Amino acid sequence: MANYYTDHPEIAFHLNHPLMKRIVELKERNYADKENFDDAPVNYEDAIENYKRILDITGDVAANIIEPNSESVDLEGPHLENNRMIYASKTFENLDATRKAGLWGISMPRRYGGLNLPNITFSMLSEVISAADAGFQNVWSLQSCIDTLYEFGSEEQRQKYIPRIAAGETMSMDLTEPDAGSDLQRVMLKATQDEDGTWRLNGVKRFITNGDSDIHLVLARSEEGTKDGRGLSMFIYDKRDGGVDVRHIEHKLGIHGSPTCELVYKNAKAELCGNTRLGLIKYVMALMNGARLGIAAQSVGVEQEAYNEGLAYAQERAQFGQKIVEFPAVYDMLSRMKAKLDAGRSLLYQTARYVDIYKALEDISRERKLTPEERAEMKTYTRLADAFTPISKGMNSEYATQNAYDAISIHGGSGFIMEYKSQRLYRDARIFSIYEGTTQLQVVAAIRYITNGTYLSIIKDMLQTEVCDCVKPLQTRVAKLVEQYEDALNYVKEANNQDMHDFLARRLYDITAEIIMSLLIIEDATRAPELFKKSANVYVRMTEEDVLGKVAYIKSFTAEDLKSFTVQEEAPVAE
């Protein structure tokens, strides 16, 4: 029987990373829960086995329930009935299966009914479910919004809402509006207080994923007369209280199982989460970073499934008397798809591990004062997580689209036919580089770490890692690319032209990410050459091809060249 976890040993490989011991130690607080909870691990080995059991269960549900339902969900989609969103019928089956399997409340402490799993495991679960149906992964993975409520809500709110999510109720984050997409400072949904202190929300939210969920986190303007982010606060809306109608469900290119709603708030009762004025400045930033890591995991799942589809078809399809998998043009595509998948997954899980360490220490700091060593550790991993999140989301979302595109190419004309899955993977993947911050916004988030030398410092540290002889020549080749990268970076900085800097930022971003992923896949190949040596070889060659071209582009570029790229207004027509 198929299993989307055990069928891919590359996933389990990442549970053996050296940082896992520190993550488990911090997450389990020296295994204090073992006295009160039967499912709590008693030591490190027990914790890892627990993660594997949950992944195995999820892999089974994904392969044998969610994936077989995916075509029906895509065709039916959600619909609107009496101002309420109704899921596709098979989505209800998926929800029921994940609830019965106990796959809710993933990251929450056991005292609230959660599973107390680290981010790395949640990312793996997200990948597995996304491979089965990326649209359903949205519905399921938005349970991670509860992390923000846990971090910033009151204890009363934790006790009220977290057990409901652990029992399988759904969540959404209501941020965007018709006039406030990426620019969330323009949010105008109004939050006012009754005389008794009750908060009320009025206004419209648009493009809300899973928008008719049970519990919403809502960004609203609480400070009258303000027009920027300092007037925004975060609120909790409970669907049981009423006051919100679904006005419209968007008809989308892909992820049909994931309802995207326009919501109308009509004097809806809500609770303030945390403090006023910190909604965008602090809480949404935490919410978005978690969501971006979730999209990276969603992307890796589709990267894997696209590769699976392309490989299976190439091994089966014969042309000119031989299987097309034997054609250089085809196995070139397949090898690149696999290399992107392996390198992208490595970046995703490295980012998740960094997030785990700093989040666990941050959580501990709410219980006791951290030691100076722990504070330094938290600072280090916060910086690493902040630097890695935008490249993990950006690169994997682009790779998902590229792999899905190539899967269609391998299928030829059949890939364009709706009966084949590749077209759906392509339609689903296209949104990944748009929502939760476009790739261009990931570049904006990453560029300061590029220009201030943070990534360069990380890369040089990574180059000091001892690798096996089987991949040492690859490490040497990457080291030469780093020299080219540093030259290009210095060239841009010395030009001292902001427009030129912004124009070339995407190329610097791509180079940075590809070098980091090359070094990560080389490290993986050192520890498991049977899994990753071929991908390391292919990915480093891809990186050389891309980096050398982009460096040449950057170093031959001048501010004067910008004139060739700006859009010119049409000259007036002479009368």
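Residues numbered from 1 in each chain as written. Predicted model: local features only at pLDDT ≥ 70, side-chain atom pairs only at ≥ 80, totals over all residues. Heavy atoms only, no water.

1. Description of the overall build of the protein
Line of reasoning, step 1. Each helix and strand counted, the protein has 17 helices and 11 strands in total.
Line of reasoning, step 2. Taken over C-alpha atoms, the radius of gyration comes to 24 Å for the protein, in line with the 25 Å a tight globule of 575 residues would show.
Line of reasoning, step 3. Each of the 575 residues in the protein was classed as buried or not, and the buried ones make up 57%.
Line of reasoning, step 4. Counting only contacts in the protein whose residues sit at least 6 apart along the sequence, the fraction spanning at least 24 positions is 75%.
Line of reasoning, step 5. For the protein, the exposed area adds up to about 24500 Å²; of that, 50% sits on carbon and sulfur atoms.
Line of reasoning, step 6. The centroid of the 67 positive side-chain charges in the protein is displaced by 2 Å from the centroid of its 87 negative side-chain charges. (Helix = DSSP H or I, 4+ residues; strand = E, 2+ residues; numbered from the N terminus. Rg over C-alpha atoms; globule rule 2.2 N^0.38 Å. Buried < 20%, exposed > 50% of the residue type's maximum accessible area, 1.4 Å probe, protein only. Contact = heavy atoms within 4.5 Å. Areas by Shrake-Rupley, 256 points an atom, 1.4 Å probe, with all protein chains shown as cover. Lys, Arg positive; Asp, Glu negative; His and termini not counted. Charge placed at Lys NZ, Arg CZ, Asp CG, Glu CD.)

2. Topic: the environment of Arg 541
Line of reasoning, step 1. Along the chain, Arg 541 turns up in helix H17 (residues 529-555).
Line of reasoning, step 2. For the pair Arg 541 and Val 478, spaced 63 residues apart in sequence, the C-alpha to C-alpha distance is 9.5 Å.

3. Overview of the packing of aromatic side chains
Line of reasoning, step 1. In total, this model carries 17 aromatic pairs according to the counting rule given.
Line of reasoning, step 2. With 4.5 Å between their ring centres and 40° between their planes, Phe 152 and Tyr 283 make a pair best called tilted. With Phe 152 in helix H7 (residues 146-152) and Tyr 283 in helix H9 (residues 279-316), this pair connects stretches of sequence that are 131 residues apart.
Line of reasoning, step 3. Here Phe 152 falls in the buried class, since its relative accessible area comes to 16%.
Line of reasoning, step 4. When the ring of Phe 503 is compared with that of Phe 565, the centres are 4.8 Å apart and the planes differ by 55°; the resulting orientation is tilted. Taken as a pair, Phe 503 in helix H16 (residues 498-527) and Phe 565 in the segment after H17 lie far apart in primary sequence, 62 residues in all.
Line of reasoning, step 5. A residue is classified by how much of its surface remains accessible, and Phe 503, at 24% relative accessible area, is partly exposed.
Line of reasoning, step 6. An aromatic cluster is defined as three or more aromatic residues linked by ring pairs; in this entry it consists of Phe 503, Tyr 553, Phe 557 and Phe 565.
Line of reasoning, step 7. Residue placement shows Arg 99 over the ring face of Trp 104; its charged tip is 5.9 Å from the ring centre.
Line of reasoning, step 8. The cationic tip of Arg 158 hangs over the ring face of Tyr 150; the distance from NZ or CZ to the ring centre is 5.3 Å. (Phe/Tyr/Trp six-rings, centres within 6.5 Å; stacked < 30°, edge-to-face > 60°. Lys NZ or Arg CZ within 6 Å of the ring centre and 35° of its normal.)

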